[in-house]
Amino acid sequence: MQTPREAMLALLKGEKADFVPEPYTVIKDIVFPGERFFPLDGSFDPYGTGPDAWGVMWTNQGPNPIVDGNTVAKDFILFEDFDEWKDHVKFPPLDYMPLEQIFQGMWQGMHCDREENVISCLILSGQFERLHHMIGFENALCTFYEYPDELHEYMDAMCEYKLKCIDVAYKYLKPDMIHMHDDWGTNNNMFMSPELWREFIKPNEKRYAERIHDYGMIYMHHSCGYNMQIVPDMIEVGIDAWNPVMVENDVPELLEKYGTQMTFAGGINNRIIDAPDATPESIIGEIHRAMDAYCKPEYRYIPYYIPNVEKNWFIWMEEVNKYGREIYNK
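Residues numbered from 1 in each chain as written. Predicted model: local features only at pLDDT ≥ 70, side-chain atom pairs only at ≥ 80, totals over all residues. Heavy atoms only, no water.

J.: So what exactly am I meant to see when it comes to the sheet that holds strand S2 (residues 50-51) here?
T.: Within a beta sheet, neighbouring strands are joined by backbone hydrogen bonds and run either parallel or antiparallel to one another. Strand order in the open sheet formed by three strands is S2-S3-S4, and the pairing between neighbours is antiparallel. Two strands bound the open sheet, and with one partner strand each, they are S2 and strand S4 (70-72). (Pairing = 2+ DSSP bridges. Helix = DSSP H or I, 4+ residues; strand = E, 2+ residues; numbered from the N terminus.)

This is how it looks when you write it as structure tokens:
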């Protein structure tokens, strides 16, 4: 029988798994420094209130940073005229940051174990997300049409920076997986057209995947929302796993068409799990619904959602760990 680490790696790589492990129990996501606020007092809070290394101000959304998360401060704009982006975008000085010590501190604080865990480096704020963090969402969408040449330059510069982040993560962490973060979708469509995504974002996604694979690591990409139109492109560029595949996407169709080519981590209706009137029975019912439908030996599928209610998250972890041991034998 595989260990949870072995079973998770098998599902991420498209190999045979003996059972379905619960991802939050097995995967340790070590956050790459600089993309969120890190306090200087030595406390572990990569999601708190304050400026990140880019000068963007973040606001904590609740008392538990891991569950509640944070967001860019209301009405924050770093700069407005995108044709002057080179004067305002200051890439964090990776060569001068104590990255090895920061990684070691997070490793210890998260109780990482290379024998038991899938070690992941979470690189937040991808090329599109960082854009709207700095100039606002509406302005970011307008740049695709108003400043296409400048946007190409920005995207390529951001790609070079993220490639360096991948290099540094491999040097100091040797993770099993790079978990990159760039939301591309709303509940029912993408933020930009698939054509714009293919022009401005896809080429660099291919470069990320190639660099990650050159190091022998897995590439998991996080993108919330509806991304059905570009799943073949994600597979083409070399993304190994996508999360969270929200139920707004046609999960059965995705697994039927592409379930052997990429790992789909999702399929859980978070509005049921985190509903104000959620009960242990309703949470377990949603877990069983999805796992009964999607956990097939022929599919690369992992049940996954983004938690917002801590007490329900614990119910989730316990039940997926239990039911995942049984599901392939039903």
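J.: Which parts of the structure should I look at to understand the sheet that holds strand S7 (residues 218-222)?
T.: Reading across from one edge, S1-S5-S6-S7-S8-S9-S10 is the order of the seven strands in this open sheet, with parallel pairing throughout. Edge positions in the sheet fall to strand S1 (27-31) and strand S10 (301-304), since each has one partner strand and no second. Each strand axis lies, on average, 25° off the axis of its neighbour in the sheet, ignoring direction. Across the sheet, helix H10 (residues 202-214) lies against strand S6 (177-181) and S7, angled at about 145° from S7, the strand it touches most. (Axes fitted to C-alpha atoms, helices over the stretch in contact; angles between N-to-C directions. Contact = heavy atoms within 4.5 Å.)

J.: Any chance you could explain unusual backbone geometry here in plain terms?
T.: Where the residue is not glycine, phi is negative for most of them; where a peptide bond is considered, it is trans in most cases. In the segment running from Asn243 into Pro244, the intervening peptide bond is cis, with an omega of -15°. By the element assignment, Pro244 lies in strand S8 (residues 241-245). For His111, which is not glycine, the phi dihedral falls at a positive 55°. As for its position among the elements, His111 is in the loop between helix H5 (99-109) and strand S5 (118-123).

J.: Looking at this structure, how should I read the packing of aromatic side chains?
T.: The description of two aromatic rings rests on the distance between their centres and on the angle between their planes. With the rule as written, the count across this model stands at 21 aromatic pairs. Look at Trp85 and Tyr154: their rings are 5.8 Å apart centre to centre, the planes differ by 85°, and that puts the pair in the edge-to-face class. Separated by 69 residues along the polypeptide, Trp85 in helix H4 (residues 85-88) and Tyr154 in helix H8 (residues 148-173) bring together distant segments of the chain. Just as Trp85 is buried, Tyr154 falls in that class too. Each member of the aromatic cluster is reached from another via a ring pair, and the members are Phe79, Phe82, Trp85, Tyr147 and Tyr154. The side chain of Lys174 reaches across the aromatic face of Tyr170, ending 4.8 Å from its centre. Sitting over the ring of Phe19, Arg325 keeps its end group 3.8 Å from the ring centre. (Phe/Tyr/Trp six-rings, centres within 6.5 Å; stacked < 30°, edge-to-face > 60°. Buried < 20%, exposed > 50% of the residue type's maximum accessible area, 1.4 Å probe, protein only. Lys NZ or Arg CZ within 6 Å of the ring centre and 35° of its normal.)

J.: Mind showing me how you'd approach helix H12 (residues 251-258) here?
T.: Because an α-helix packs 3.6 residues into every turn, residues spaced three or four apart end up facing the same way. The complete set of buried residues in H12 reads Val251, Leu254, Leu255 and Tyr258. Relative to the axis of H12, the buried residues are bounded by an arc of 100° and lie together on one face. The inward-facing, buried residues of H12 contact helix H11 (231-237), S8, strand S9 (263-267), helix H14 (280-294) and S10. With a side-chain oxygen positioned 3.1 Å from the backbone nitrogen of Glu253, the residue opening H12 is Asp250. (Arc of directions from axis to C-beta. Polar contact = N/O pair within 3.5 Å; in protein donor to acceptor, adjacent residues only side chain to side chain.)

J.: In this structure, what is going on with the pattern of salt bridges? I would like to understand it.
T.: Oppositely charged side chains can form a pair if their charged atoms are brought close together. As enumerated under the stated definition, the model contains 17 salt bridges in all. Glu153 is the partner of Lys86 in a salt bridge, and the nearest nitrogen-oxygen pair spans 3.6 Å. You can see Lys86 sitting in helix H4 and its partner Glu153 sitting in helix H8, a full 67 residues away along the chain. Residue classification places Lys86 among the exposed positions, given a relative accessible area of 51%. Lys202 is the partner of Glu236 in a salt bridge, and the nearest nitrogen-oxygen pair spans 3.1 Å. (Salt bridge = Lys/Arg side-chain N within 4 Å of Asp/Glu carboxyl O.)

J.: Teacher, can you tell me more about the packing of helix H7 (residues 137-146) against H8 here?
T.: How two helices pack is summed up by the angle between their axes together with the distance between the axes. At a minimum axis distance of 6 Å, the contact between H7 and H8 shows a crossing angle of 115°. Here Thr143, Phe144, Tyr145 and Glu146 of H7 lie close against H8, whose contacting residues are Pro148, Leu151 and Met155. Partitioned by chemical class, the residues of the contact of H7 with H8 number five nonpolar, one polar and one charged. (Nonpolar A, V, L, I, M, F, W, Y, C, P; charged D, E, K, R; others polar.)

J.: Teacher, can you tell me more about the environment of Met190 here?
T.: Checked against the element boundaries, Met190 lands in the loop between S6 and helix H9 (194-200). As for Met190 and Ile230, which are separated by 40 residues in sequence, their C-alpha atoms are 9.4 Å apart. Setting aside anything within four residues of it in sequence, one finds Met190 in contact with Trp184, Gly185, Trp197, Tyr226, Asn227, Gln229 and Ile230.

J.: Help me understand the pairing of S6, please; the structure alone is not making it clear to me.
T.: The buried fraction of S6 amounts to five of the five residues, a majority that puts the element mostly inside the structure. Every second residue of S6 is oriented toward a common face, with Met177, His179 and His181 on one face and Ile178 and Met180 on the other, all of them buried. Pairing geometry for S5 and S6, over four bridges, is parallel. For Ser120, the partnering residue across the bridge sits in S6 and is Met177.

J.: Mind showing me how you'd approach the environment of Thr143 here?
T.: Position of Thr143 among the secondary structure elements: in helix H7. The class for Thr143 is buried, based on a relative accessible area of 2%. Distance in space between the C-alpha atoms of Thr143 and Asp29 is 32 Å, their sequence separation being 114 residues. Within the local environment of Thr143, its side chain forms a polar contact with the backbone oxygen of Ala140, the two atoms lying 2.5 Å apart.

J.: I'm lost on the side chain of Gln2 in this one. Help?
T.: Its location among the elements puts Gln2 in the segment before helix H1 (4-13). A distance of 3.1 Å separates a polar side-chain atom of Gln2 from the backbone oxygen of Lys16. At a separation of 2.7 Å, a polar atom in the side chain of Gln2 contacts the main-chain amide nitrogen of Asp18. Beyond its immediate stretch of four places on either side in the chain, Gln2 contacts Ala7, Ala10, Lys16, Ala17, Asp18 and Phe19.

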